[in-house]
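Results of the structural survey
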Amino acid sequence: MRQRASLGGFVAALVVAASSAASSQPAGPSAEALLAQVKAAAGGPLWDGVEAISATGEKTSFGLTGPYRSAEELATGRFARRSDYPLFSNAEGLDEAGRWRMDNSGVVHPLDSDEAGTVAATEAYLAARGYLFADRWKAALALQSPVTEEGQVFDRVLATPVAGRAVSLWIRRSDHRLDRATLDLGSHSETIRYRDYRAADGLMLPFDIVTENGDQQETGDAHIAAYRLEPVAPRDLRRPPEGPRDAAIVGGASAAYAPFRLDPMSGFPIVEARINGSGPLLFILDTGGHDILTPAAAKMLGLPLSGAGFSLGAGQGSTPTQFTKVATVGLGEAEMSNQPFVVLQLDLGQAAGEGGRPTPISGIIGLELFERFRVTLDYAAGRLALRLPTARGRPEGAPLRFTSDMPLAQASIDGRTGWFGLDTGNNTDVILFKAWVEAKGAPSWFDVTVDASGAGVGGPLLFRRGRAEALSLAGAQAQGVPVLLAGDNMGGLSSRAEAGNIGESVLSRYRVTFDYRHERMWLDPRAAADGAVSP
C-alpha cells in the first residue's frame, strides 16, 4: 500500500529562479575594503549616530497585500516585523528573550531550537547592518568569487557572525550597494533582495525589500513608504501579547473531548471537527501542520477564497494554496473562533467515516489547536482530550523546542541522539535525515537495497528502509523500530539541522500529551484511563 509521508510542517513558499554565471572579472579589493565601500555609498559616518530604524509601508505575499511595519535596533540587532493582511496578521522578531513569531491566527510562540538560535544570530547581524560596523559586530569575512548576472557584476563577501550562520553579501560593483543577502537554512535557503535605494535623512536605504524563503510568513515584497531614524529603540521591538482570547470550552468544564482515532484506511490520526457549525467533518490531526481545508471542503462550506500561493513540504515539488477564514472551529465542547485556514489544492484522500464508509478527508487541524489547548491523544479511548493551558505547566515531561512551527524533541536511536520533529501527520515509519545519519555514522542496518516509496505535499518520495533496535523518547523505550532514510532534495525531509521525523508508528504506541504553551510533552502507557496520569 502506497504510504503518505509527512503532511506536517506546512509552509508556503515563493520560489524565484535565478540564473547566475561565474564572472571572469578580477577578484577586486579585500572583504574589509568592499564593506567599507558599502558603508561609504550608504551614508558613511552618518551611520555611526543611528540607534534604530523603523519603517512603514505595505507588503504583498501570495496575492495578499496589507500594511507593513518594521523596527530594527543597530546596537543589538533586535528587530520586529509585522504584516496586516485582510484575512489575518503575522509577525516575527528577535527581542531580549530570543527569537519569536506570531502565526496567522495571532498566537506568539518562541523559535528556540539550536538551529533557530544560529540563524537568529545572523538575522541580528543583518538587522543591525553589522557589515557596516566591523568594530561593533564581529564576523569572519571571506571573499567569494565575483558573479555576473544580467550584465551586472557583483562582488561577494561571505560573513559569518559570532555564533551565526554564514551569509553571502552580494555587492553591486557599479555603485557599491548591497543587492542581496543569501543564507542556508535547515532544508532550504533564504534570499533577501534590497532594491530601489533612495535617500532618507542622509542615508541611502532600500525602499523595496523582497524576501524569498520557504516560509509564507516571511516570503514577500515589502514596499517601504517611509523610514524614520529613532533616537531610542522603538516599542515595536517588543513581541506582541500571547494572542487573542479566541478559544474556550463551552460550559466552563475543565476538559473537552472529541472523537479521535488512528484511521485504518488512511493511516492518519483522524479527529472530527465542526466548521461554522457544519459537520462533523474528518480532519487529519497534524502537530506539524497549520489549519488546512481541501478545495472540496471549502466549496461545500461556501467559503470565499483569497490570494494565490503554494505550499512546500516533503518532496521536491509544491502545491498551490489560497486562504480563507472561518467563524468557528468546534471539537467536542472546545471551540476556536475567527480562524484563518489555508486551502490546499490537494486531495487528502479518504478515511473511515460513520459506519466505516469511505469519507473524504476535509483538511488538517494543526498548530492553531495545539497553541490554544493542552492536547492529549488518547488512542485507546478513541478520543482527543482538550484542556486550556494553566498559567504554570508541570515541570515533568520532555522539553519541546521550535525551529518553525513543528515541535522538536530530543530522542535517541541505537545510541545516536538528536532533535526530531514530532509529526502526527507522518503516517509512515520514523524518518531519518541523511545529513544527521552521515554525521553520526550510518548504521549497518542501512547496508541493504530495500527501498520504500511514499508521497507528500511536494510529490513522490523514495527512502532506504532499515530497522533500529531501540528508540528512546521522553523516557519511553520502543523496540524494533522500522526506520526510513531520506535522501537529498526531499524538501523538509532533507533538513541539515534536525535528526529526523517521528510520526504515528511510534507516537500511537502511547498516550501522548502536548503542551505547546509550556513547551513540554508526555508519553504515558496507552492503556491508561483518562485523568489517571494525565498532566
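As a convention, each chain's residues are numbered from 1 in the sequence order in which they are written. Only residues with pLDDT of at least 70 are given local features in this predicted model, and only at 80 or more are side-chain atom pairs given and counted; all residues enter the totals for whole chains, interfaces and linings. Only hydrogens and water are set aside; all other atoms, that is, all heavy atoms of the structure, feed into the side-chain values.

1. Some points on unusual backbone geometry
The line we're drawing: Strands are runs of DSSP state E lasting at least two residues, helices are runs of H or I lasting at least four, and both sets are numbered from the N terminus onward. The cut-offs for exposure are 20% and 50% of the maximum accessible area for each residue type, with area from a 1.4 Å probe on protein chains only; residues under the lower value are buried, those over the upper are exposed, and the others partly exposed.
In this structure, the amide linkage connecting G279 to the following residue, P280, adopts the cis form with an omega of 15°. Locating P280 in the fold gives a position in strand β20 (residues 278-285). The backbone of N276 sits at a positive phi, close to 50°, despite the residue not being glycine. Tracing the sequence through the fold places N276 in the loop between β19 (269-275) and β20. Note on N276: relative accessible area 36%, which makes it partly exposed.

2. Overview of the layout of surface pockets
Counted only if it meets this: The method works on a 1 Å grid over the protein atoms by themselves. A cavity is a set of points holding a 1.4 Å probe that cannot get out, a pocket is an open set with protein on both sides within 12 Å along at least five of seven lines, and residues with an atom within 4 Å of a point line them. Grid points are joined across faces, edges and corners, and a volume is the space filled by probe spheres set on the points. Ten residues, namely Ala, Val, Leu, Ile, Met, Phe, Trp, Tyr, Cys and Pro, are considered nonpolar, four, namely Asp, Glu, Lys and Arg, are considered charged, and the remaining ones, Gly among them, are considered polar.
Of the pockets and cavities examined, the second largest pocket occupies roughly 290 Å³. V107, E242, G243, P244, R245, D246, A247, E371, R372, L388, P389 and R517 are the residues that line the second largest pocket. For the lining of the second largest pocket, a count of residues per class yields 5 nonpolar, 1 polar and 6 charged.

3. Regarding the environment of S266
The condition that has to hold: When checking whether two residues touch, look at their non-hydrogen atoms; a contact exists if any pair is within 4.5 Å. What qualifies as a polar contact is a pair of N or O atoms within 3.5 Å, subject to a donor-acceptor requirement within protein and to the restriction that residues adjacent in sequence count only when both atoms come from side chains.
With respect to the helices, strands and loops of the structure, S266 is situated in the loop between β18 (256-262) and β19. Here S266 falls in the buried class, since its relative accessible area comes to 12%. For the pair S266 and A352, spaced 86 residues apart in the sequence, the C-alpha separation amounts to 8.0 Å. Leaving out residues up to four positions away in the same chain, S266 has contacts with Q350, A351, I361 and N427. A distance of 3.2 Å separates the side chain of S266 from the backbone nitrogen of F268, its partner in a polar contact.

4. Comments concerning the pattern of salt bridges
Applied cut-off: The term salt bridge refers to a pairing of a side-chain nitrogen on Lys or Arg with a carboxyl oxygen on Asp or Glu at a separation within 4 Å.
Tallied over the entire structure, the rule returns 26 salt bridges. Among the ionic pairs, R165 bridges to E115, the shortest N-O distance being 2.7 Å. Residue R165 is located in the loop between β11 (152-161) and β12 (167-172), and its partner E115 is located in helix α2 (residues 114-127); the two are separated by 50 residues in the primary sequence. Classification of E115 by relative accessible area gives buried; the value is 11%. Linking D179 and R172 is a salt bridge whose minimum nitrogen-to-oxygen distance equals 3.3 Å. Under the relative-accessibility criterion, D179 is labelled buried at 10%. Among the ionic contacts, a cluster of salt bridges with common partners joins E72, R81, E92, R99, E123 and R129.

5. What to know about helix α1 (residues 31-42)
Using the following cut-off: One less than the number of residues in a helix, times 1.5 Å, gives the span that helix is expected to have. It is the directions from the helix axis to the C-beta atoms that the arc portrays.
With 12 residues, α1 ought to run about 16 Å at 1.5 Å a step, and its terminal C-alpha atoms sit 17 Å apart, in line with that. When we look at burial in α1, the residues that qualify are A31, L34, L35, V38, K39 and A42. Buried positions in α1, seen along its axis, are confined to an arc of 140° and lie on one side of it. Across α1 from its buried face, at more than 90 degrees, point the exposed residues E32 and A40.

6. Brief notes about the side chain of R101
Examined against the element boundaries, R101 turns out to sit in strand β8 (residues 98-102). Separated by 2.9 Å, the side chains of R101 and S404 make a polar contact.

7. Here's the deal with empty space enclosed by the protein
Empty space among the atoms can be located by rolling a probe the size of a water molecule over them. In the structure shown here, the tally under the stated rule is 4 cavities of 30 Å³ or more. Surrounding the largest cavity, 40 residues form its lining, E72, R81, I192, Y194 and I209 being those nearest its centre. When residues in the lining of the largest cavity are grouped by element, the largest group, 5 residues, is from strand β15 (residues 203-212). A per-class count over the lining of the largest cavity returns 22 nonpolar, 7 polar and 11 charged.

8. Some words on the confidence of the model for the protein chain
Applied cut-off: The predictor reports its confidence for every residue as pLDDT, a score running from 0 up to 100.
Chain-level statistics for the protein chain give a pLDDT mean of 88 and a share of 86% at 70 or above. Residue range residues 1-27 is modelled with pLDDT below 50. Its contacts to residues more than four positions away, or to other chains, number 101 contacts. The low-confidence segment residues 528-535, where pLDDT is below 50, has 23 contacts with residues more than four positions distant or belonging to other chains.

9. A word on α2
With 14 residues, α2 ought to run about 20 Å at 1.5 Å a step, and its terminal C-alpha atoms sit 20 Å apart, in line with that. The element α2 is largely enclosed, with a buried count of 11 among its 14 residues. Residues E115, A116, V119, A120, A121, T122, E123, A124, Y125, L126 and A127 constitute the buried set of α2. Following α2 by one or two positions, R129 has its phi on the positive side, about 55°.

10. What about the nonpolar core?
What counts is decided by this rule: Grouping buried Ala, Val, Leu, Ile, Met, Phe, Trp, Tyr and Cys residues that are joined through side-chain atoms within 4.5 Å yields what is termed a nonpolar core.
L369, L377, L384, L432 and I502 are the most contacted members of the largest nonpolar core, which has 66 residues in total. Examining the composition of this core, we find that 5 residues originate from one element, strand β37 (residues 476-486), more than from any other. Other than its neighbours up to four places away in sequence, L432 contacts I413, F420, V437, W445, F446, V483, L484, L485, A486, A499 and G500. Residues L126, A128, A200 and L205 belong to the second largest nonpolar core, which totals 44 residues.

11. Describing the packing of aromatic side chains
Heads up, the rule is: Only Phe, Tyr and Trp rings are paired, with Trp represented by its six-membered ring, and only when their centres lie within 6.5 Å; those with planes under 30 degrees apart are stacked, over 60 edge-to-face, the remainder tilted. Only lysine NZ and arginine CZ atoms are considered, and such an atom sits over a ring when it is within 6 Å of the ring centre and within 35 degrees of the ring normal.
Evaluation of the coordinates by the stated rule reveals 12 aromatic pairs. Ring centres 5.1 Å apart and planes at 90° place the aromatic pair F207 and Y227 in the edge-to-face group. Of this pair, F207 sits in strand β15 while Y227 is found in strand β16 (residues 220-230), placing the two residues 20 residues apart along the sequence. Per residue, the accessibility class of F207 equals that of Y227, and both read buried. Each residue in the set F370, F402, F514 and Y516 is aromatic and connected to the rest through ring pairs, giving one cluster. It is R180 that lies over the ring of F154; its NZ or CZ is 4.9 Å from the centre. In this structure, R383 is placed above the aromatic ring of Y257, and the distance from its NZ or CZ to the ring centre is 4.3 Å.

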